[in-house]
Amino acid sequence: KQEVTQIPAALSVPEGENLVLNCSFTDSAIYNLQWFRQDPGKGLTSLLLIQSSQREQTSGRLNASLDKSSGRSTLYIAASQPGDSATYLCAVSTGANSKLTFGKGITLSVRP
Amino acid sequence: DAMVIQNPRYQVTQFGKPVTLSCSQTLNHNVMYWYQQKSSQAPKLLFHYYDKDFNNEADTPDNFQSRRPNTSFCFLDIRSPGLGDAAMYLCATSGAGTAREKLFFGSGTQLSVL
């Protein structure tokens, strides 16, 4: 059974810092990995999707990497801003119909 | 502009009183999913539809049912809500449902059970 782990559960950084959020998964037989953002009490917004054949994806200040063989992904956030404060979840697709297995997320706080 | 719409945004129900949550989509996607997310927990898949084909997760309680009358709408019915069913319920869609596709989520419905 696929398990997705995100450690630490919470992170606080000063504004302007570059940071890395980690995600690990137990079964390397994945189709893709997605990073989501969730604001308090809200739904999920997809940030980046990396197919299993890819190594990384970039969108603006965000860069996600994937090392499928070691079961790891990182989300790099450059020049963090207070508006980046949210919970970041990673999820992997391991079956038909795009079913996702999620981690619990990392709650990021960027201090002004 | 919203593509996956969930109503209501907040729902309060009483212990044991049936409740229905709704989801609609303007993306014309084949697949619709319902996830349950409890506080500080990972979203957990309850079930999904591929067109009209219903797929239940093995550990989804019988108390949870779903209906998809057409491509655009999907409903989550909780027949007898218990206190443990208080959670955020998230609806999502994907296009053809292949394992490589991105999921699009709605804003969620926060369910409280009194």
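In the block above lies the structure referred to throughout.
In this report, we go over the structure that sits alongside the text. (Residues numbered from 1 in each chain as written. Chains lettered and ligands numbered in written order. Predicted model: local features only at pLDDT ≥ 70, side-chain atom pairs only at ≥ 80, totals over all residues. Heavy atoms only, no water.)

### Let's talk about the overall build of chain B
What counts here: Note on conventions: DSSP H or I runs of at least 4 residues are helices, E runs of at least 2 residues are strands, and numbering of each starts at the N terminus. Any two residues having at least one pair of non-hydrogen atoms within 4.5 Å are treated as being in contact. Here the Shrake-Rupley method, with its probe set to 1.4 Å, supplies the accessible areas, and only the displayed protein chains count as covering residues. Lys and Arg are tallied as positive, Asp and Glu as negative. Neither His nor the chain termini are counted. Taken as the charge centre is NZ of Lys, CZ of Arg, CG of Asp or CD of Glu, depending on the residue.
A count of helical and extended segments in chain B gives zero helices and 11 strands. Helices and strands in chain B line up, N terminus first, as β-β-β-β-β-β-β-β-β-β-β. Over its C-alpha atoms, taken along the principal directions, chain B stretches across nearly 40 × 30 × 30 Å. Put simply, of all contacts in chain B between residues at least 6 apart along the chain, 56% involve residues at least 24 apart. As displayed, chain B offers around 5400 Å² of accessible surface, 50% of which is attributable to carbon and sulfur atoms. In chain B, 10 side chains carry a positive charge and 9 a negative one; their mean positions are 4 Å apart.

### Thoughts on the layout of surface pockets
Threshold: Here the term cavity refers to a set of points on a 1 Å grid, laid over the protein atoms alone, in which a 1.4 Å probe fits but cannot get out; the term pocket refers to an open set having protein on both sides within 12 Å along at least five of seven lines, with lining residues being those that place an atom within 4 Å of a point. Grid points are joined across faces, edges and corners, and a volume is the space filled by probe spheres set on the points. Ten residue types, Ala, Val, Leu, Ile, Met, Phe, Trp, Tyr, Cys and Pro, are classed as nonpolar, four, Asp, Glu, Lys and Arg, as charged, and the remainder, Gly among them, as polar.
Taken as a whole, the largest pocket encloses approximately 1100 Å³ of empty space. Taken together, 41 residues make up the lining of the largest pocket; nearest its centre are Phe102(A), Gly103(A), Gln41(B), Ala42(B) and Pro43(B). When residues in the lining of the largest pocket are grouped by element, the largest group, three residues, is from strand E10 (residues 100–102) of chain A. Each residue belonging to the lining of the largest pocket can be placed in one class, and the counts come to 13 nonpolar, 18 polar and 10 charged. Residue lining of the second largest pocket: 20 residues in total, with Leu44(A), Thr45(A), Phe105(B), Gly106(B) and Ser107(B) positioned closest to the centre. At the level of elements, strand E4 (32–38) and strand E5 (44–51) of chain A together with strand E1 (4–7) and strand E10 (104–105) of chain B are the ones that each hand at least two residues to the lining of the second largest pocket.

Everything listed is a geometric property; what it means functionally is a separate question.
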